[in-house]
Amino acid sequence: PRSWKQRSHCFGAALFLLVKSLVLFLLTVTVFLSTLTPKFYFALTVTSSFISGLIFVFEWWHFRKYGTSFIEQVSVSHLRPLIGGAENNPPAPAAFSAGENETSRQNMPECKVWRNPLNLFRGAEYSRYMWVTGKEPLTYYDMNLSAQDHQTFFTCDTDALRPSDTVMQKAWRERNPQARIKAAYQALELNNDCATAYVLLAEEEATTIVDAEKYFKQALKAGEMIYRKSQNCHSQSPQHEAQLRRDTNVLVYVKRRLAMCARKLGRIREAVKMMRDLMKEFPLLSMLNIHENLLEALLELQAYADVQAVLAKYDDISLPKSAAICYTAALLKARAVSERFSPETASKRGLSAAEINAVEAIHRAVEFNPHVPKYLLEMKSLVLPPEHILKRGDSEAVAYAFFHLQHWKRIEGALNLLHCTWEGTFRMIPYPLEKGHLFYPYPSCTETADRELLPTFHEVSVYPQKELPFFIHFTAGLCSFSAMLALLTHQFPELMVIFAKAVSTVSVMELT
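Now for a description of the structure that goes with this document. (Residues numbered from 1 in each chain as written. Predicted model: local features only at pLDDT ≥ 70, side-chain atom pairs only at ≥ 80, totals over all residues. Heavy atoms only, no water.)

## Some points on the packing of helix α6 (residues 163–171) against helix α7 (residues 177–190)
Packing of α6 against α7 brings their axes to within 8 Å, and their N-to-C directions diverge by 175°. On the basis of their axis angle, the class for α6 and α7 is roughly antiparallel. In this structure, α6 contributes Pro163, Ser164, Val167, Met168 and Ala171 to the contact, and α7 contributes Arg180, Ala183, Ala184, Gln186, Ala187 and Leu190. In terms of residue class, the contact of α6 with α7 is built from 8 nonpolar, 2 polar and 1 charged. (Axes fitted to C-alpha atoms, helices over the stretch in contact; angles between N-to-C directions. Helix = DSSP H or I, 4+ residues; strand = E, 2+ residues; numbered from the N terminus. Parallel < 35°, antiparallel > 145°, perpendicular 65-115°, else oblique. Contact = heavy atoms within 4.5 Å. Nonpolar A, V, L, I, M, F, W, Y, C, P; charged D, E, K, R; others polar.)

The structure is reproduced here in structure tokens:
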């Protein structure tokens, strides 16, 4: 008991000394503030407003570019561990992989990156854009995924047996385009029938679609010859089977690109025939999404019955959906009613059965990818589509609208019907990240992946819209408050000095 009394006396004395020291400090500060001039208060408020304004501008820029608050990010990443707090960050999503080999299961939302079925030509389209605008249309991440695709599809373990294939194996790994083109010519010197060398030259050296088509025709001639040889000996060993798979990939790739060249050069019926023949010849390669190329070509021909037949086959509940499938289905149903549709008339008499089907199809499409309507309605500017897309993401929306906007414009009233109805989708899914209506909840990782796929000069569409972080509101309020104090100090210096002294005096009296 005696020791407890001693400890309580010591604690009380220490507390008394601490309070006394604090009061003396506040009195000293009060005396110091009473000697300051109005110019000091004006300079203090202006400096405070300027610094808080800089912080506000930086926070706003960081949020627009990365979607997060810089102060919150630093506090969570660095300060919380220092003070012993546990991090509650969700686990990082798995590394994105090319979606050509994804199975048809759709049992959970994933941020898997797919090869763009209608991707442009590097030399004839992407490079020409860069020469004209000075802007790089492809990101490093996107081009790196393409390099991985090329190595996966165009190389195999038996490449060491053919010197030209060995050279091309190194060429696909080169980062410098000129080094890749040089390696392709080296491979052709070793073997004039090296199909993959012609593929690389068609993709990267050809500056027009006509030149690209010439290279692809040479690649087709060489690829068919090598494919027949591989077919004859594929059962001899596992190495020969791997070689047959590689030669099959090359042949399918070349035929598909030749069909795309024909489509771009206006030979649309020829392109449709080539795509249909390719799908019949290699029915097991449906994961390449050649049907999306076929849909776009048929829409250009205005062969809507054929489009409906393709949708009937591929718009199946067991197959992965895409914006092309969902929005094309909506376009066909809108076509039946859009010409006579009027929102005023519909509000009076109600919607007919056909109009209800069209609106439901639009709602279904918007739920799958909510970014598309703003591009179709030209509320956002388009950029060249990337070589890879993220399903349900902004990259897929850009790719779809880039090729299909003309088809929506061609059908009278289709865009008007879309404009009147697309926003109604969001009333059915108030919490899209938690629960969907016809599809799985909207994946939360799309923004991060789209920022990697789309160029920096494009403003990435974000869904659902994020609320402004607390620190943006805080810094904006602090900047405004400091600016107001600076203005009052400049206009009424004597009154503001009296006010500051009164506030400091009251504060000291309350503490004492």
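Still to come is the rest of the account.
## As for the nonpolar core
Within the largest apolar cluster, 99 residues are counted, with the highest numbers of intra-cluster contacts made by Met168, Phe216, Tyr327, Leu376 and Trp408. Leaving out residues up to four positions away in the same chain, Trp408 has contacts with Tyr327, Leu331, Leu376, Tyr400, Ala414, Leu415 and Leu418. Ranked by size, the runner-up nonpolar core spans 8 residues in total, among them Leu145, Leu390, Cys445 and Leu453. (Core = buried A, V, L, I, M, F, W, Y, C linked by side-chain atoms within 4.5 Å. Buried < 20%, exposed > 50% of the residue type's maximum accessible area, 1.4 Å probe, protein only.)

## Things to note about the pattern of salt bridges
Pairs can form between side chains of opposite charge whenever their charged atoms are close. Scanning the entire structure with this criterion turns up 20 salt bridges. Salt-bridge contacts for Glu281 lead to Lys255; the nearest nitrogen and oxygen are separated by 2.9 Å. Placement of Glu281 in helix α11 (residues 268–281) and of Lys255 in helix α10 (residues 238–264) is noted, with a sequence separation of 26 residues between them. Here Arg364 ties to Asp315 by a salt bridge, and the two come within 2.8 Å at their closest N and O atoms. Linking Arg364 in helix α16 (residues 353–368) with Asp315 in the loop between α13 (304–314) and α14 (323–335), this pair joins segments that are 49 residues apart in sequence. Judged by its relative accessible area of 19%, Arg364 falls in the buried class. (Salt bridge = Lys/Arg side-chain N within 4 Å of Asp/Glu carboxyl O.)

## Re the side chain of Thr196
Tracing the backbone through its elements, the reader meets Thr196 in helix α8 (residues 195–205). What makes Thr196 buried here is its relative accessible area of 6%. Non-local contacts of Thr196, meaning those with residues more than four positions away in its chain, are made with Phe154, Asp165, Met168, Trp172 and Val250.

## Here we look at the packing of aromatic side chains
In this structure the tally under the stated criterion is 10 aromatic pairs. On the numbers, 5.3 Å between centres and 45° between planes, the contact of Phe154 with Trp172 is tilted. Of the two residues, Phe154 is situated in helix α5 (residues 140–154) and Trp172 in the loop between α6 and α7; the sequence distance between them amounts to 18 residues. For Phe154, a relative accessible area of 4% translates into the label buried. Since its relative accessible area comes to 4%, Trp172 is described here as buried. Taken together, Trp422, Phe426, Tyr442 and Tyr463 form an aromatic cluster joined through their ring pairs. Over the ring of Phe121 we find Arg257, and its NZ or CZ is 4.1 Å from the ring centre. Above the face of the Trp114 ring, Lys391 is positioned so that its terminal group lies 3.8 Å from the ring centre. (Phe/Tyr/Trp six-rings, centres within 6.5 Å; stacked < 30°, edge-to-face > 60°. Lys NZ or Arg CZ within 6 Å of the ring centre and 35° of its normal.)

The values reported here are purely geometric and, on their own, carry no functional implication.
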